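Structural description and commentary
The lines below spell out each chain.
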Amino acid sequence: MKIDFNQLKCDISLVDFLLNDGWRFAPGTSPAAPKLTDGSRTFVIKKNTAGQYTYWDVHSSDVRGKTIIDYLQEKITRESGSSPSIYQVGSILQKYLSDGIIVSSSQSQYKVQSSSLDPSFLLSLMRELKPYTGDFLQRRGISRDTLDSHVFRDVFTTREYYHNGIKFTNTCVRLISDQGFQGISQRSYKPDGSSYKGIMGNKYGSIAVSKIDKTRPINHIYIGESILDCAAHFDIHRLTDPSLSQDNILYISTEGNITTGQMELIKKVTEHYQIENIEKQVTYIFDNDSAGYRYAIKLNNFLLGKEFEAIDSLSDESLKSIISQLPNKQLAKLSDWNDDLMAMRREQSCSKCGDNTLLVP
């Protein structure tokens, strides 16, 4: 039986499915973006640009833009201890839908709206983005040489806005898809010194990217989960790796957990720029932790056309074993590349000044 996974993600009402599975509406729910809880988790339901139902855990940055396929696969794994294949999950949902056991989107009373921003709001948001100013990136160790390089020039922007009479200044990067500008990923420091980051717009099917020379073919693509880590990776390696300064390279960031929509878009990018050898022309620079290992393994399997494994159920040790065998990955020494850069800056500061001056962590 042929399974149309995309159609299942559109045709099955995820709101009704969760309600039938024991979930209930949570405070702050709305018809356009229902919020549900099972007592320990809280999901917001949105539709992505493909019209698919997705869920976003308000308490976990690792659960963003997942679909009913992910939910049922994780539920079966948790309850049975055995991980079903994507095809097995799709077959179950297809039978449920055909037999009328679950509510279809056309029958549902809950009309979930898209997570994408209104075109007029996107236009207004784009106009708010100004050339980068301030010291946020410098406080994170990013050098002026990197910001002025052909790879990261004009990638970062500044957005100023007022809320309750208070002026806020955020450092932003654009989120783009094959349909153009989709929103922003923004960061700043709060008055108490802690950091803030958030996303406005459709993250599910969009990515943040560096600059390229469009007159030349792309030599190499580096993919990470933060554009800040991408800039840090470039900053660390640009002086020792001549290819970073000479070749036409592209950095791609998923700005957090990787979604199926982002993997599909990245695959389009590799095909558009005729990246024929994934292992030699694509390098994963995700965080040096279990989540980062999962993102790299998932994306690598997807780009190579391998069957999707039940990676989320693997132990940390299993993930480490698999990632150690992945030839086209680079792992930071610390938790991520920005942490490595900050450590390098501290060492440089100590060696020059002979003291223990630290950058803001």
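Above: the structure in question.
Quick summary incoming for the structure in this document. (Residues numbered from 1 in each chain as written. Predicted model: local features only at pLDDT ≥ 70, side-chain atom pairs only at ≥ 80, totals over all residues. Heavy atoms only, no water.)

**Some remarks on unusual backbone geometry**
Positive phi is not limited to glycine here, since Glu255 has a value of about 50 degrees. Even without glycine at this site, Gln274 takes up a positive phi of about 55 degrees. Residue position: Gln274 is located in the loop between α10 (260-272) and α11 (278-281). (Helix = DSSP H or I, 4+ residues; strand = E, 2+ residues; numbered from the N terminus.)

**Some details on the pattern of salt bridges**
Scanning the model with the defined rule gives 15 salt bridges in all. In this structure, the salt-bridge partner of Arg159 is Glu128, at a minimum N-O distance of 2.6 Å. Here Glu128 lies in helix α5 (residues 119-128) and Arg159 lies in strand β6 (residues 156-163), a separation of 31 residues in the sequence. With relative accessibility at 28%, the residue Glu128 sits in the partly exposed group. A salt bridge links Asp148 to Arg144, with the shortest nitrogen-to-oxygen separation between them at 3.3 Å. Taking the relative accessible area as the measure of exposure, Asp148 reaches 40% and is therefore partly exposed. You can call Arg144 partly exposed: its relative accessible area is 43%. (Salt bridge = Lys/Arg side-chain N within 4 Å of Asp/Glu carboxyl O. Buried < 20%, exposed > 50% of the residue type's maximum accessible area, 1.4 Å probe, protein only.)

**Observations concerning the sheet that holds strand β4 (residues 53-57)**
With respect to topology, four strands assemble into an open sheet ordered β1-β2-β3-β4, the strand pairing being antiparallel. Taken across any chain shown, the strands that pair with only one partner, and hence form the sheet edges, are β1 (24-25) and β4. Direction of pairing for strand β3 (residues 42-47) relative to β4: antiparallel, over a ladder of five bridges. Each bridged residue has a counterpart across the sheet, and for Ile45 the counterpart in β4 is Tyr55. (Pairing = 2+ DSSP bridges.)

**Some points on the side chain of Lys203**
Secondary-structure assignment places Lys203 in the loop between β9 (195-201) and β10 (208-209). Apart from the residues within four sequence positions on either side, Lys203 is in contact with Trp56, Arg64, Thr254, Glu255, Gly256, Asn257, Thr259 and Gln262. (Contact = heavy atoms within 4.5 Å.)

**What to know about the sheet that holds strand β8 (residues 180-189)**
Taken together, the five strands give an open sheet; going across it, the order is β5-β6-β7-β8-β9, and neighbouring strands pair in antiparallel fashion. Edge positions in the sheet fall to β5 (129-131) and β9, since each of these pairs with one other strand and no more. Each strand of the sheet is rotated relative to its neighbour by a mean of 35 degrees, with strand direction disregarded. Here β5 pairs with β6 via three bridges, running antiparallel. (Axes fitted to C-alpha atoms, helices over the stretch in contact; angles between N-to-C directions.)

Remember that the coordinates give geometry; whether it matters functionally is a separate question.
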